[in-house]
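Working through the structure, step by step
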Amino acid sequence: MNAASSTLSIAAQPEPSPTVAQFLRRAPRLLIGGEWVESRSPRTLPAIDPATGRTVATLADAGQADVDRAVAAAREAFEKGPWPDMLPAQREALLWRLSDLIEKHADELAEIESIDNGKTKFMASIVDVPGARNYFRYMAGWATKIEGSTLQTSFGGIPGAKFHTYVSREPVGVVAQIVPWNFPLAMAAWKIGPALAAGCTCVLKPAEQTSLSALRLGELIIEAGFPPGVVNILTGLGESAGAALVAHPGVDKIAFTGSTEVGKIINKAATDTLKRVSLELGGKSPVIVLPDADPAAVIGGAANAIFFNSGQVCCAGSRLFVHRKLYDRVLEGISAAAESLQLGPGLHPKTQLGPLVSRDQQERVLAYIDSGRTQGASVVTGGESVGHEGYYVKPTVLANVNPDMRVVREEIFGPVLVAQRFDDLDDIAAFANDTPYGLAASIWSNDLKAVHRLAPKIKAGTVWVNCHNVLDPNLPFGGYKQSGIGREHGRAAIDLYTEMKSVCIAV
Ligand code: NAI
Ligand code: MG
């Protein structure tokens, strides 16, 4: 590693609970057609605890034959069996049952998520696990509320004929869902929830770095009583299992969350079969602080916008723009907040910020910090790794940056903030929009006029005002520009998983 490493000591990771220890010993298996089966491929993958770098479990690494089996099982479940005939209210009840099981096993799921991803168990238990539970509950409600419309037509080609026309929404079919490692359980819920509400069947591929909570979710899906094949779960690598799913002719739709780089590969690969594709990709979201903002609220809010989940958040507020009137004060406050965060392993009760997800990610983030230094940025705080075992990076603030630096242009996906000062309100929209991304932004101000003038100028799928990272199952979420295609949550998510059918009846 190039970047400096601090010798600051990191607490030891406590042992897992007996329940989780037993779960971690489970044999590598895939969920196909309602059963846990062995992979046809002999390869396995390690599940690694980022706090220690140690392997805690072994995963199957699905190959083409497994992908074929899983897609066939999903197809069978979509076309035959109980799923297509199930009443919407029955799908609703199953989704509720699943959410109740998540609630029942919340503590265990939070522990699994912490060990697998590095985030604190506390965070997982107040964000990820209730987020997943609530998501399934919200989507359960949609199962009974999918609707079409009746329309009037003006077709005059057949004299005297009248038409009764309506538009209905039907499930799109078999969907492959590929998710990343930053919020593994919640991302699985965002994908599976609306697909099942709409009546689709799924093949889910969790990220190779964090597959454990998806496997536990698979057990709960069986326990909830979903018919076989409705949800299939394949652990495996992106370039093999993921790519095979994307190319598979038996898949009707791909839903992907992850890097813009892979999103582009998927979009191209899906062209051959013209699969439906929805993509939720990277970001470089601006946090814009206007001169009238309350500095205390800004400092807490902006620190949380970038350091929450160690900055491994697609909509993290990673570019800070502060009006010169408040710049010094806000920068000082955020840096102090960064320094006060207690780094440590996720299961330790005193930890406030865990390690990054993997050695790769730690090295990527440190390399970005180095590139910032080389290109002339100054490190206000942080800028180094900590400890020897785990994948820790200190929360970092970079100043004296310019819009051409890699740290300003590219998604770092770590606890690294780049801070810039601005003088003129007329310039700020152009600064904020000077990025290939457009996932989210936040504006900090109580000046109603200024906020309402600025919000429409920001090219982003979400604009928060005096808050950041507020996500709700009912609020559409997704990106402008290279941050993606389509919107998840709410009615928009149901639209992603349904096809429109126009029915025209001569009467
Ligand atoms: P990635 O985009 O490669 O991984 C996300 C998912 O895509 C994983 O399940 C992976 O197995 C799968 N995948 C990878 N290559 C694939 C392919 N060719 N076909 C089908 N599926 C494939 O992200 P990675 O490499 O883990 O992280 C690299 C960078 O991506 C991060 O530093 C971050 O900047 C960005 N990223 C952004 C995320 C977001 O939510 N916006 C989430 C994860 C990563
Ligand atoms: Mg990758």
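For the structure given in this document, a descriptive report is provided here. Throughout, a residue's number is its position along its own chain's written sequence, starting from 1. For naming, the first written chain is A and the first written ligand is 1, with later ones following in the order written. Local features in this predicted model are restricted to residues whose pLDDT is 70 or higher, and side-chain atom pairs enter the listing and the counts only when it is 80 or higher, whereas totals over whole chains, interfaces and linings include all residues. Here the side-chain values reflect all heavy atoms present in the structure, with hydrogen atoms and water set aside.

1. Describing the pattern of salt bridges
Where side chains of opposite charge bring their charged atoms close, a pairing between them can arise. We define a salt bridge as a side-chain nitrogen of Lys or Arg found within 4 Å of a carboxyl oxygen belonging to Asp or Glu. The final tally for this structure, using the stated rule, is 26 salt bridges. A salt bridge links Arg 491 to Glu 147; the nearest nitrogen and oxygen atoms lie 3.9 Å apart. Of this pair, Arg 491 sits in helix H17 (residues 490-496) while Glu 147 sits in the loop between helix H6 (121-143) and strand E6 (149-151), and the two are 344 residues apart along the sequence. The classification of residues rests on relative accessible area computed with a 1.4 Å probe and restricted to protein chains. Under 20% of the type maximum is buried, over 50% is exposed, and intermediate values are partly exposed. Taking relative accessible area as the criterion, Arg 491 reaches 46% and is therefore assigned partly exposed. Here the salt bridges share partners, and the residues they tie into one network are Arg 26, Glu 108, Arg 216 and Glu 219. To qualify as a helix, a DSSP run of H or I must reach at least 4 residues; to qualify as a strand, a run of E must reach at least 2; elements of each kind are numbered from the N terminus.

2. Some points on the site of ligand 1
Looking at ligand 1, there are 26 residues lining it, with Val 179, Trp 181, Glu 208, Ser 259 and Glu 411 nearest. With respect to ligand 1, the backbone of Gly 238 contributes an N or O atom lying 3.2 Å from an oxygen atom. Pairs of N or O atoms within 3.5 Å make up the polar contacts considered here, provided that, within protein, one atom can donate a hydrogen while the other can accept it, and that residues adjacent in sequence are counted only when both atoms are side-chain atoms. Taking Leu 281, its main chain carries an N or O atom lying 3.2 Å from a nitrogen atom of ligand 1. When ligand 1 sits alone it has 810 Å² of accessible area, and the protein chains cover 89% of it. Counting residues per element, the shell around ligand 1 draws most heavily on helix H9 (residues 238-247), at 3 residues. Gly counts as polar in this scheme, as do all residues outside two lists: the nonpolar Ala, Val, Leu, Ile, Met, Phe, Trp, Tyr, Cys and Pro, and the charged Asp, Glu, Lys and Arg. Class assignment of the residues belonging to the shell around ligand 1 gives a composition of 13 nonpolar, 9 polar and 4 charged. The criterion for a residue being near a molecule or strand is simple. One of its heavy atoms has to lie within 4 Å of it. Here the accessible surface of atoms and residues is derived via Shrake-Rupley with a 1.4 Å probe, and residues count as covered only by protein chains that are part of the display.

3. Some points on the packing of helix H4 (residues 88-104) against helix H8 (residues 212-224)
For helices, the fitted axis covers only the stretch in contact; all axes are lines through C-alpha atoms, and the angles between them, taken along N-to-C directions, range from 0 to 180 degrees. Look at H4 against H8: their axes get within 9 Å of each other, and the N-to-C directions meet at 130 degrees. Put simply, H4 runs oblique to H8. As for how H4 packs across H8, the hand of that crossing is right-handed. In this structure, H4 uses Leu 94, Arg 97, Leu 98, Leu 101, Ile 102 and Lys 104 to contact H8, whose residues at the interface are Leu 217, Leu 220, Ile 221, Glu 223 and Ala 224. A per-class count over the contact of H4 with H8 returns 8 nonpolar, no polar and 3 charged. Any angle between 65 and 115 degrees counts as roughly perpendicular, while under 35 counts as roughly parallel, over 145 as roughly antiparallel, and the rest as oblique. Each crossing is labelled by how the near helix is turned from the far one, with a counterclockwise turn of less than a right angle marking it left-handed and a clockwise turn marking it right-handed. When checking whether two residues touch, look at their non-hydrogen atoms; a contact exists if any pair is within 4.5 Å.

4. Brief notes about the nonpolar core
Only buried Ala, Val, Leu, Ile, Met, Phe, Trp, Tyr and Cys residues count toward a nonpolar core, and they belong to the same one when joined by side-chain atoms within 4.5 Å. In this structure, Leu 98, Leu 196, Leu 217, Phe 226, Val 289, Leu 320 and Ile 334 are the most contacted members of the largest nonpolar core, which totals 96 residues. No other element matches the 11 residues that helix H7 (residues 184-198) contributes to this core. Dropping the residues within four chain positions of it, Val 289 is found in contact with Val 298, Leu 320, Phe 321, Val 322, His 323, Leu 326, Phe 422 and Trp 444. Within the second largest apolar cluster, 28 residues are counted, among which are Val 246, Ile 254, Ile 266 and Leu 279.

5. Comments concerning the side chain of His 489
Within the secondary structure, His 489 sits in the loop between strand E24 (484-485) and H17. Owing to a relative accessible area of 1%, His 489 belongs among the buried residues under this scheme. Looking at His 489, its side chain comes within polar contact range of the side chain of Tyr 135, at 2.7 Å. Setting aside chain neighbours within four positions, we find His 489 in contact with Tyr 135, Met 139, Trp 190, Asp 472, Pro 473, Leu 475, Pro 476 and Phe 477.

6. Some details on the sheet that holds strand E13 (residues 285-289)
Strand order in this open sheet of 7 strands is E15-E18-E19-E14-E13-E21-E22, and the pairing throughout is mixed. Edge positions in the open sheet fall to strand E15 (378-381) and strand E22 (462-465), since each of these has one partner strand only. Sheet twist, expressed as the mean angle between neighbouring strand axes with direction ignored, is 25 degrees. Here helix H12 (residues 324-340) sits on the sheet in contact with E13, strand E14 (317-323), E15, strand E18 (396-399) and strand E19 (416-422), set at roughly 145 degrees to E14. Whether two strands pair comes down to DSSP finding at least two bridges between them.

7. Let's talk about unusual backbone geometry
A positive phi angle, near 50 degrees, is found at Asn 400, a position not held by glycine. By secondary structure assignment, the location of Asn 400 is in the loop between E18 and helix H14 (406-409). A positive phi angle, close to 45 degrees, is found at Lys 481, a residue other than glycine. With respect to the secondary-structure elements, Lys 481 resides in strand E23 (residues 480-481). Lys 481 gets classed as partly exposed once you look at its relative accessible area, which sits at 37%.

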